[in-house]
Amino acid sequence: MAAAEDALGDALLAALEAWPRVGVPDKPEAWLVAAARRKLVDAARHAKVAASAAPALEIVVERAQREVIDAVFPDERLKLLFVCAHPAIDEAARTPLMLQTVLGLDAATIASAFLVAPATMSQRLVRVKAKIRDAGIRFEIPESQELPSRVDAVLEAIYAAYGSGWEDVAGADPRRRGLAEEAIWLGRLVARLLPDEPEALGLLALMLHCEARRPARRDPAGAYVPLGRQDVALWSRR
């Protein structure tokens, strides 16, 4: 009924615009009915086209949203780190959770980074996963405005990963091999993602400063060399 009234109103408006120019038709009522019918047909056709296009439009929107997310998070691991930094998760458990689920470290390696027994860390990880399951915490990709509130937890995980890789200077532990380089890469991405975040820039500077001295940390026999006795010629100027 409302659609018919709207169509009739549009027909009357069309008549007011057209009849002064072309004259009143012989059967004005029929003219108005025909014009209103055309309006209804056009509206129905438009609605049908819109309905048929809706699924395709939804796909386009979803694809555009994914592209925006990919543009914000150029690395899948970095995206997952921010996802795991959910505010509903206990702060003490966020970093171990990220180290295990995103960076693939086992409980023993994570425990050494936090100076606790492996069994204690295993229990902590089991408890936080159970809490996530029982509380129904949904892991969703955070919006851009949420990133600053989660960045501290992400930086803590990156620093812990770097420290774990830094301890294995010789690269003898396959679980830690390449971990320091991965942490520096993630640190660069966070600094690029949040260029005004001083903590991100500070962490990246610290890791690069430590990494520059890596070749001088051990003597030819593999013994540890304190900072005061390191050969500065071996430091990486780049």
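Residues numbered from 1 in each chain as written. Predicted model: local features only at pLDDT ≥ 70, side-chain atom pairs only at ≥ 80, totals over all residues. Heavy atoms only, no water.

Engineer: Sorry, what's going on with the environment of Tyr224 here?
Structural biologist: Structurally, the position occupied by Tyr224 is in the segment after helix 9 (198-212). Setting aside residues up to four positions removed in sequence, Tyr224 forms contacts with Arg217 and Arg218. (Helix = DSSP H or I, 4+ residues; strand = E, 2+ residues; numbered from the N terminus. Contact = heavy atoms within 4.5 Å.)

Engineer: Would you mind going over the pattern of salt bridges with me for this structure?
Structural biologist: Tallied over the full model, the rule gives four salt bridges. The partner of Glu76 in a salt bridge is Lys79, with the nearest N and O atoms 3.3 Å apart. Residue Glu76 and its partner Lys79 are both found in helix 3 (residues 76-84); the two are separated by three residues, about one turn of the helix. Accessibility expressed as a relative area gives 48% for Glu76, which makes it partly exposed. With a closest N to O distance of 4.0 Å, Arg150 and Glu146 form a salt bridge. We classify Arg150 as buried; its relative accessible area is 6%. (Salt bridge = Lys/Arg side-chain N within 4 Å of Asp/Glu carboxyl O. Buried < 20%, exposed > 50% of the residue type's maximum accessible area, 1.4 Å probe, protein only.)

Engineer: Whenever I open this one, the confidence of the model for the chain confuses me. Can you help?
Structural biologist: In low-pLDDT regions, the fine details of the predicted coordinates are not to be read closely. Averaged over every residue, the pLDDT of the chain is 78; residues scoring 70 or more account for 72%. Ranking the helices and strands of the chain by mean pLDDT puts helix 9 first, with 94, and helix 2 (residues 28-72) last, with 60. (pLDDT = per-residue confidence, 0-100.)

Engineer: In this structure, what is going on with the layout of surface pockets? I would like to understand it.
Structural biologist: Unoccupied space between atoms shows up once a probe the size of one water molecule is rolled over them. For the second largest pocket, the calculated volume is near 190 Å³. Lining of the second largest pocket is provided by Ile184, Arg188, Leu208, Glu211, Ala212, Ser236, Arg237 and Arg238. Secondary structure elements with two or more residues in the lining of the second largest pocket: helix 8 (179-193) and helix 9. Along the lines of polarity and charge, the residues of the lining of the second largest pocket split into three nonpolar, one polar and four charged. (1 Å grid on protein atoms, 1.4 Å probe; cavity = no way out; pocket = protein on both sides within 12 Å on 5 of 7 lines; lining within 4 Å. Points joined across faces, edges and corners; volume = space filled by probe spheres on them. Nonpolar A, V, L, I, M, F, W, Y, C, P; charged D, E, K, R; others polar.)

Engineer: In this structure, what is going on with the side chain of Thr109? I would like to understand it.
Structural biologist: In this fold, Thr109 is placed in helix 5 (residues 107-114). Judged by relative accessible area, which is 1%, Thr109 ranks as buried. In terms of polar contacts, Thr109 uses its side chain to reach the side chain of Asp106, at 2.6 Å. (Polar contact = N/O pair within 3.5 Å; in protein donor to acceptor, adjacent residues only side chain to side chain.)

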